[in-house]
Amino acid sequence: MASFLYRLGRFAFRRRWLVVGLWLAVLAAAATGAATLSGSTSDAFRIPGTPSQEAIDLLQERFPQASADGATARVVFAAPAGQQLTSTATKAAVEQIVAELRQAPQVASVNDPFQSGTVNQASTVGFAQATYRVPAQDLTDGDRDALTGIADRAREQGLIVEVGGDALQAPTELGLGEVIGVAVAAVVLVVTFGSLVAAGLPLLTALFGIGIGMSVIIAATGFIDLSSTTPVLALMLGLAVSIDYALFIVSRYRHELADGHDPQEAAGRAAGTAGSAVVFAGLTVVIALAALSVVGVPFLTQMGLAAALTVAIAVVIALTLLPAILGFAGRRVLGKNARARRTRAPGAAATTTFGTRWARAIARRPVAALLVAVVALGVVAIPTLDLRLGMPDDGTAAPDTTQRKAYDLLATGFGAGFNGPLTVVVDTPAGAAKTTADQVVQKITGLPGVAAAATAAVNPAGDTALLTVIPASGPGDTATKDLVHAVRHLDGTIADASIGVTGLTAINIDVSTKLADALIPYLAVVVGLAFLLLMLVFRSLLVPIKATLGFLLSVAATFGAVVAVFQWGWAADLLGVERTGPIVSFLPIILIGIVFGLAMDYQVFLVTRMREDYVHGAAPREAVISGFDHGARVVAAAAIIMISVFAGFILAPDPIIKSVGFALAGAVLFDVLVVRMTIVPAVMTLLGKAAWWLPRWLNRLLPNVDVEGEKLRHQLDAVPAEPAVSLPRGTPV
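Bear in mind that the values here come from a model prediction, so they are computed numbers and not experimental data.

Re the overall build of the protein chain
Reasoning step 1: Secondary structure summary: the protein chain contains 25 helices and ten strands in total.
Reasoning step 2: Computed over the C-alpha atoms, the radius of gyration of the protein chain is 30 Å, within 12% of the 27 Å expected from 2.2 N^0.38 for a compact globule of 733 residues.
Reasoning step 3: The burial tally for the protein chain puts 56% of its 733 residues in the buried class.
Reasoning step 4: Residue pairs at least 24 apart in sequence account for 80% of intrachain contacts in the protein chain once pairs closer than 6 positions are excluded.
Reasoning step 5: Accessible area for the protein chain stands at about 28,900 Å²; split by element, carbon and sulfur atoms hold 62% of it.

What follows is the structure in structure tokens.
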């Protein structure tokens, strides 16, 4: 593979106009597709085969009039201060709004708050529930505009009106966080390379990659129902890896120029060596993300495949477009000072870098460094023991949104449970639904945690009944989850009747349960994959075990930090977290997949050089120090860029995006600063020669994976090089 990438890099460098033109054409085509084919995204997290979905399927068959899978809008009214909704003028205004709602596009039914009893005892707060004929993802912007227009006209009459429910999905807003992240990345690149030209190349190629990847994903929304979080996650990860992969190759290109190779040869060598590592790193991330499809959760599969697409595009661009742009930049990536020094000063004293001093300090006291790092990560991971998973609802929306305001009004006027009503489906023989439903209501009323229960409707055939159950607790509370299970346990207690529970609250509970059950199997798959891949790369048993354990430490510490902030509320005000609660259910699985790929990336970049120096005769301890010095600064720069990009999303108003950005930034911080920069050199020093032990029979069975392009370098080193360019030791070239 290294030889192929070497030829590809030289070709792209030589035919740079053609390569850049082709990529511009691809970008234009993708952007055109996004502009003409795009549709809307959805926040409906549903999984086929769950109990709540089976109840919906039954209702669609027996009771289609109920629109069981239809979107809902809860229009909440509040009387002005000192007034009541039951006053003549206010009541007339509310009834007018209800009449307008019934005429709104796609609305199947609307309950009148005065007739259905959805006005609180103080007559200060009430709500009308509107059910749509189609799911939320099928509503058009015009349908939603009609809903918000009705609310706006009501506000003009002096009423306080807010709208909740999945019919009015707030668009995902990112704010300026990602711009700040890119700005920090630019500063890091300038400091790292000492050249504006070299710093601009990773940013330029990242813009190409993100532009193409996001355009393809946006165009896909016209054909597939995608979660609104899917493109944001793809943007977050694609931007970070695009910059990092380009950073590695540009660093290698500068190194080859400094060694005296002409620019075209340097581009080929950079693609064949660092490019091989980029392919491995990218392939690892793609496999981990694509493996999310085995979990059996459709929206999680979409997230994984979309993010994997942006990573794959980043890899291809780094191997083709970047060498082409290097053809235009030439030697200017070295900066003026480096270009001015075309020969090395013989006998010049080498400068001891911070990386060397750090590695030597750890090598002198490896046990102490290891213990401090492990204990520190263990302490941070303690909150993980209290990890609770849940799905977002209107209560987790930004405080200034109408959904959050509607949620708070209902909780204040009626109680938290009115924000999470349960729909109970009773399946009976024909004609027995009404009588059986009354029996079920009596049983449910006797359960703990029930605020109210009543029969809502019976289908014309009389074999299916709908009950509405109001919990005493909020939709994200553990008590509500226990109530859902308790109602389901009533199934079979009444002869010739089956009982199911659905509704948005039950759906979210089932999704969270499904994701929690899939977490350990997916983690096992990822850990097994990590062990196999690293055993192939390093031809060792102990190095993969050490790397895998370090990955698990990083993940545990990240979970602990997320729980402490987003569940316990530590530093919540500092990070702009308005409301604490369960962690969004898909975050742990997504985090494991992404952190696995990034951890393997940094592991390969650092430890491969240690192995190379050891194989070439260096003592184990010196191989650790020299190998660490070779890659530490570039890895640190790449990590800072990743952290900056991810941390920029913490500023997003959407709580899901905020938690994902925080988790990924924290994961990179723990994995690079603590695991790769501290635990890895400490353990490698302690292991010594044993680190590279591999049974002979296994050594014969394993294929030789030349990730760093070592064979290619040996083949090409026989070619005479130009005089070397002098660069200070430790400069990331």
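Things to note about the environment of V565
Reasoning step 1: Within the fold, V565 resides in helix 19 (residues 542-567).
Reasoning step 2: Spatially, the C-alpha atoms of V565 and P64 are 43 Å apart, while their sequence positions differ by 501 residues.
Reasoning step 3: Setting aside its immediate chain neighbours within four residues, V565 contacts W570, A572, L575, V577, T580 and F662.

Concerning helix 16 (residues 433-445)
Reasoning step 1: Given a rise of 1.5 Å per residue, 13 residues ought to cover 18 Å, and the 18 Å separating the end C-alpha atoms of helix 16 matches this to within 8%.
Reasoning step 2: Here helix 16 has its buried residues at A433, T436, A437, V440, V441 and I444. Angularly, the buried residues of helix 16 cover 145° about the axis, an arc narrow enough to put them on a single face. Facing away from the buried side of helix 16 by over 90 degrees, the exposed positions are T435 and Q442.

Quick look at the environment of Q84
Reasoning step 1: By the secondary structure assignment, Q84 is in the loop between strand 1 (72-78) and helix 4 (88-102).
Reasoning step 2: Classification of Q84 as partly exposed rests on a relative accessible area of 40%.
Reasoning step 3: Sequence separation between Q84 and G446 is 362 residues; the distance between their C-alpha atoms is 33 Å.
Reasoning step 4: Those residues in contact with Q84, other than ones at most four positions away along the chain, are A79, T90, A122 and S123.

Regarding the pattern of salt bridges
Reasoning step 1: What the rule picks out here adds up to 13 salt bridges.
Reasoning step 2: Two residues, D510 and R488, come together in a salt bridge whose shortest N-O distance is 2.8 Å. Placement of D510 in helix 18 (residues 504-538) and of R488 in helix 17 (residues 478-488) is noted, with a sequence separation of 22 residues between them.
Reasoning step 3: Measuring nitrogen to oxygen at the nearest pair gives 3.0 Å for the salt bridge that ties R676 to D671.
Reasoning step 4: If you follow the salt bridges from partner to partner, you end up with R10, E265 and R269 in one network.

Section: unusual backbone geometry
Reasoning step 1: Although it is not a glycine, Q106 sits at a positive phi angle of roughly 70°.
Reasoning step 2: Within the secondary structure, Q106 sits in the loop between helix 4 and strand 2 (107-110).
Reasoning step 3: With relative accessibility at 30%, the residue Q106 sits in the partly exposed group.
Reasoning step 4: At S123, a position not held by glycine, the phi torsion is positive, near 60°.

Overview of the nonpolar core
Reasoning step 1: Counting residues in hydrophobic clusters, the biggest one holds 163 residues, and the most contacted among them are Y245, F299, L300, Y602 and F646.
Reasoning step 2: It is helix 11 (residues 298-329) that contributes the most residues to this core, 19 residues altogether.
Reasoning step 3: Counting 30 residues, the second-largest nonpolar core is a separate cluster that includes V98, A104, A128 and A167.

Describing the sheet that holds strand 4 (residues 160-164)
Reasoning step 1: Taking strand neighbours across the sheet as the criterion, the four strands line up as 2-3-1-4 in an open arrangement whose pairing is antiparallel. Where the open sheet ends on each side, the last strands, each with one partner, are strand 2 and strand 4. Strand after strand, the sheet turns through a mean of 25° between neighbouring axes, direction not considered.
Reasoning step 2: The pairing of strand 1 with strand 4 spans five bridges and is classified as antiparallel. Bridge pairing in strand 4 places V75 opposite V163.
Reasoning step 3: Across the sheet, helix 4 lies against strand 1, strand 2 and strand 3 (125-132), angled at about 155° from strand 2, the strand it touches most.
Reasoning step 4: Each of strand 1, strand 3 and strand 4 touches helix 6 (residues 141-156); the most contacted strand, strand 4, lies at about 165° to it.

Comments concerning the packing of helix 8 (residues 196-220) against helix 9 (residues 229-258)
Two numbers describe a pair of packed helices, the interaxial angle and the distance between the axes.
Reasoning step 1: At a closest axis distance of 8 Å, the pairing of helix 8 and helix 9 adopts a crossing angle of 145°. For the crossing formed where helix 8 meets helix 9, the hand is right-handed. For the pair helix 8 and helix 9, contact is made by A198, L201, P202, L203, T205, A206, I210, M214 and I217 and by P231, A234, L235, G238, L239, S242, I243, A246, L247, V250 and R254, respectively.
Reasoning step 2: Grouping the amino acids of the contact of helix 8 with helix 9 by side-chain chemistry returns 16 nonpolar, three polar and one charged.

Some points on the side chain of S540
Reasoning step 1: One can find S540 in the loop between helix 18 and helix 19.
Reasoning step 2: Residue classification places S540 among the buried residues on the basis of a relative accessible area of 0%.

Observations concerning the confidence of the model for the protein chain
Reasoning step 1: On average, residues of the protein chain score 83 in pLDDT, and 91% of them are at 70 or above.
Reasoning step 2: Mean pLDDT values over the elements of the protein chain span from 54, in helix 12 (residues 335-340), up to 94, in helix 14 (residues 366-381).
Reasoning step 3: Every residue in residues 339-349 scores below 50 in pLDDT, and together they form 22 contacts with partners more than four places removed in sequence or on other chains.
Reasoning step 4: Below a pLDDT of 50 lies the segment residues 721-733, which in the model reaches 54 contacts outside its immediate sequence neighbourhood of four places, other chains included.

Points about the sheet that holds strand 7 (residues 450-458)
Reasoning step 1: On the basis of which strands lie adjacent, the open sheet formed by four strands has the order 7-8-6-9 and antiparallel pairing. Strands at the two margins of the open sheet, each flanked by one partner only, are strand 7 and strand 9 (498-502). The average angle at which neighbouring strand axes cross in this sheet is 25°, direction not considered.
Reasoning step 2: Here strand 6 (residues 422-427) runs beside strand 8 (residues 464-471); their pairing, made up of six bridges, is antiparallel. Within strand 8, the position partnered with L422 by the bridge is V469.
Reasoning step 3: Sitting on the sheet, helix 3 (residues 51-62) is in contact with strand 6, strand 8 and strand 9, with an inclination near 110° to strand 9.

Some points on the side chain of T284
Reasoning step 1: Tracing the chain through its elements places T284 in helix 10 (residues 263-290).
Reasoning step 2: Excluding its chain neighbours within four sequence positions, the residues that come into contact with T284 are L533, F596, G597 and M600.

Here we look at the pairing of strand 7
Reasoning step 1: The pairing of strand 7 with strand 8 spans seven bridges and is antiparallel. In the strand pairing of strand 8, V458 is matched with A465.
Reasoning step 2: Hairpin remark: strand 7 followed by strand 8, antiparallel, with five residues in the connecting loop; positive phi at G462, about 70°.

Criteria and cut-off values
- Residues numbered from 1 in each chain as written.
- Predicted model: local features only at pLDDT ≥ 70, side-chain atom pairs only at ≥ 80, totals over all residues.
- Heavy atoms only, no water.
- Helix = DSSP H or I, 4+ residues; strand = E, 2+ residues; numbered from the N terminus.
- Rg over C-alpha atoms; globule rule 2.2 N^0.38 Å.
- Buried < 20%, exposed > 50% of the residue type's maximum accessible area, 1.4 Å probe, protein only.
- Contact = heavy atoms within 4.5 Å.
- Areas by Shrake-Rupley, 256 points an atom, 1.4 Å probe, with all protein chains shown as cover.
- Expected span 1.5 Å × (residues − 1).
- Arc of directions from axis to C-beta.
- Salt bridge = Lys/Arg side-chain N within 4 Å of Asp/Glu carboxyl O.
- Core = buried A, V, L, I, M, F, W, Y, C linked by side-chain atoms within 4.5 Å.
- Pairing = 2+ DSSP bridges.
- Axes fitted to C-alpha atoms, helices over the stretch in contact; angles between N-to-C directions.
- Left-handed = near helix turned anticlockwise from the far one by under 90°.
- Nonpolar A, V, L, I, M, F, W, Y, C, P; charged D, E, K, R; others polar.
- pLDDT = per-residue confidence, 0-100.

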